[in-house]
Each structure stands twice: as structure tokens, then as C-alpha cells.
Amino acid sequence: MSIYDYSVPKPNGELLNLADYKGKVILIVNTATGCGFTPHYKPLEEMYEKYHEAGLEIIDVPCNQFAGQTPGTDEEIHQFCTLRYNTKFPQMKKSDVNGENALPLFDYLKSQKGFEGFGSGMKAFAMAAMLKVMDSDYKNKPDIKWNFTKFVVDREGKVVARFEPTIDMAEVAKCVAKLI
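Residues numbered from 1 in each chain as written. Predicted model: local features only at pLDDT ≥ 70, side-chain atom pairs only at ≥ 80, totals over all residues. Heavy atoms only, no water.

> Just checking my understanding: could you explain the pairing of strand S5 (residues 150-153) for this structure?
Across the two faces of S5 the burial is the same, with Lys150 and Val152 and Phe151 and Val153 all buried. Note that S5 and strand S6 (residues 159-163) share 4 bridges and pair antiparallel. Bridging from a neighbouring strand, Val152 pairs with Ala161 of S6. The turn joining S5 and S6, which pair antiparallel and follow one another in sequence, is formed by 5 residues; a positive phi near 90° is taken by Gly157. (Buried < 20%, exposed > 50% of the residue type's maximum accessible area, 1.4 Å probe, protein only. Helix = DSSP H or I, 4+ residues; strand = E, 2+ residues; numbered from the N terminus. Pairing = 2+ DSSP bridges.)

What follows is the structure, given as C-alpha cells:
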């Protein structure tokens, strides 16, 4: 299987086929509207505006699996993002990214790039401490740990990077810029 064998449900019930993005750089992110990392929408939109014409696509998958931080409907989530962050990249249907109801796309992404750590700094330390209480073996599992985990896919369809939400968005932007 490759990334292009997957699809993601849109809020209207249609499917976004990743095969439609062949030859593009794809950034796939699970998002939340009520999270401390929600301001990541701003640099995500900046990247989209800067690189979309050059071949960047962003797939935004709202997810309510992490502390219930995405409680709204798909329409409410879309309104929040467009009004608050002026997002123009498409949002998908709110979906699970872990567990038995996880989108198959996220199972594939996790199989390609497992968890490699939260980096350094206060947010990384806090995230690690919180997760250790929830699951002492979290480091050894590829699961998505929190909202705003990002996967970057190159133009050939290879998952080249995984960025935890604690990683500076400038690092994500550098990775995308190299691939554009």
C-alpha cells in the first residue's frame, strides 16, 4: 500500500482520494479547536498560502480523541477556523486517529513514522509528564499522542517526517520548504 491508496471523508460525505494529490507535497494534521496548540492554525495557513501554488496540500482532520478539545460539529469547526484563522485549506470530517475507529490513513502514517519524542523545552516536558501518567509505555507506541501531530509526505508519496505538536512550527515549515 502507498499513501495514494487512502482516502479521507469530507464533511459532506464525499471522499478525498489522496491519489488526487500525486506529485504534491502533503501535510496531514489532526487538529482541535480548543487546544493549547490550536494557534498552530496560523503558521499552517501561512505555509499553505506561501506554498500551495508550488504544490503544497494540507489535509486537516479534526479529532476529538484528546481531552474532548474538538466538541463542535464539522460546520462549527469550519466556521471557527475560517473566522479565527482565515484558513483556506480543506478540513475533513471529524474523525478518530487512534483506536479501532481510526481512519486507515492514520494507521498507515503511524506505521511509516512512529513516535520519536517531543523534543525539548517546557511544552515537551509537560506533554511527556502528562502522557507518562496516562500510559507509562507511551514512548514505545506509534499512536498519535495529541492534537496537531503533523505528517509530511513528499512528491513521491513517501512519509518523510512526523512532527509532534511540541515541535516548533518553524521546523515543520523548513521541512516543507525543502520539499517544494
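> Where do I start with the state of the cysteines in this structure?
Formally, a disulfide is one covalent bond, and it connects the sulfur atom of one cysteine to the sulfur atom of another. Taken as a whole and judged by the stated rule, the model has 0 disulfides. Just so you know, Cys81 is unpaired, no disulfide at all, and the nearest cysteine sulfur is the one on Cys35, 12 Å from it. (Disulfide = S-S within 2.5 Å.)

> Help me understand the pattern of salt bridges, please; the structure alone is not making it clear to me.
Between side chains of opposite charge, pairing is possible as soon as their charged atoms come close. Following the criterion strictly, the structure yields 11 salt bridges and no others. A salt bridge links Lys88 to Glu45, with the nearest nitrogen and oxygen atoms 4.0 Å apart. Of this pair, Lys88 sits in the loop between helix H2 (74-85) and helix H3 (104-112) while Glu45 sits in helix H1 (residues 41-51), and the two are 43 residues apart along the sequence. Judged by its relative accessible area of 48%, Lys88 falls in the partly exposed class. A salt bridge links Lys88 to Glu49; its shortest N-O distance comes to 3.3 Å. Placement of the pair is Lys88 in the loop between H2 and H3 and Glu49 in helix H1, with a sequence separation of 39 residues. Residue class for Glu49 comes out partly exposed when judged on its relative accessible area of 47%. Look at the salt bridges and you will find they share partners, linking Glu45, Glu49 and Lys88 into a network. (Salt bridge = Lys/Arg side-chain N within 4 Å of Asp/Glu carboxyl O.)

> How should the packing of H1 against helix H5 (residues 169-179) be read in this particular structure?
In a packed pair of helices, the relevant descriptors are the angle between the two axes and the axis-to-axis distance. One can describe the packing of H1 onto H5 by two numbers: an axis separation of 10 Å at closest approach and a directional angle of 20°. Relative to H5, the element H1 is oriented roughly parallel. Both H1 and H5 take part in a crossing whose hand is right-handed. Packed against H1, whose contacting residues are Pro43, Leu44, Met47 and Tyr51, the element H5 presents Met169, Val172, Ala173, Val176 and Ala177 at the interface. Classifying every residue of the contact of H1 with H5 by side-chain character gives 9 nonpolar, no polar and no charged. (Axes fitted to C-alpha atoms, helices over the stretch in contact; angles between N-to-C directions. Parallel < 35°, antiparallel > 145°, perpendicular 65-115°, else oblique. Left-handed = near helix turned anticlockwise from the far one by under 90°. Contact = heavy atoms within 4.5 Å. Nonpolar A, V, L, I, M, F, W, Y, C, P; charged D, E, K, R; others polar.)

> What exactly am I supposed to notice about unusual backbone geometry here?
Glycine aside, residues mostly have negative phi angles, and peptide bonds mostly take the trans form. Even without being glycine, Ala67 reaches a positive phi, approximately 60°. In this model, Phe148 sits at a positive phi of 70°, which is unusual for a non-glycine residue. A residue is classified by how much of its surface remains accessible, and Phe148, at 0% relative accessible area, is buried.

> What's the story with the sheet that holds S5 in this structure? I'm lost.
What links the strands of a sheet is backbone hydrogen bonding, and the strands pair in either a parallel or an antiparallel sense. Taken in spatial order, the 4 strands line up as S4-S3-S5-S6 in an open sheet, and their pairing is mixed. Taken across any chain shown, the strands that pair with only one partner, and hence form the sheet edges, are strand S4 (56-62) and S6. Averaged over all pairs of adjacent strands, the angle between strand axes in this sheet comes to 15°, irrespective of strand direction. Of the strand pairs in this sheet, strand S3 (residues 25-31) and S5 are connected by 4 bridges, and their pairing is antiparallel. Each residue of the ladder has a partner; that of Ile26, found in S5, is Val153. The strands touched by H1 within the sheet are S3 and S4, with S4 carrying the most contacts at an inclination of about 150°.

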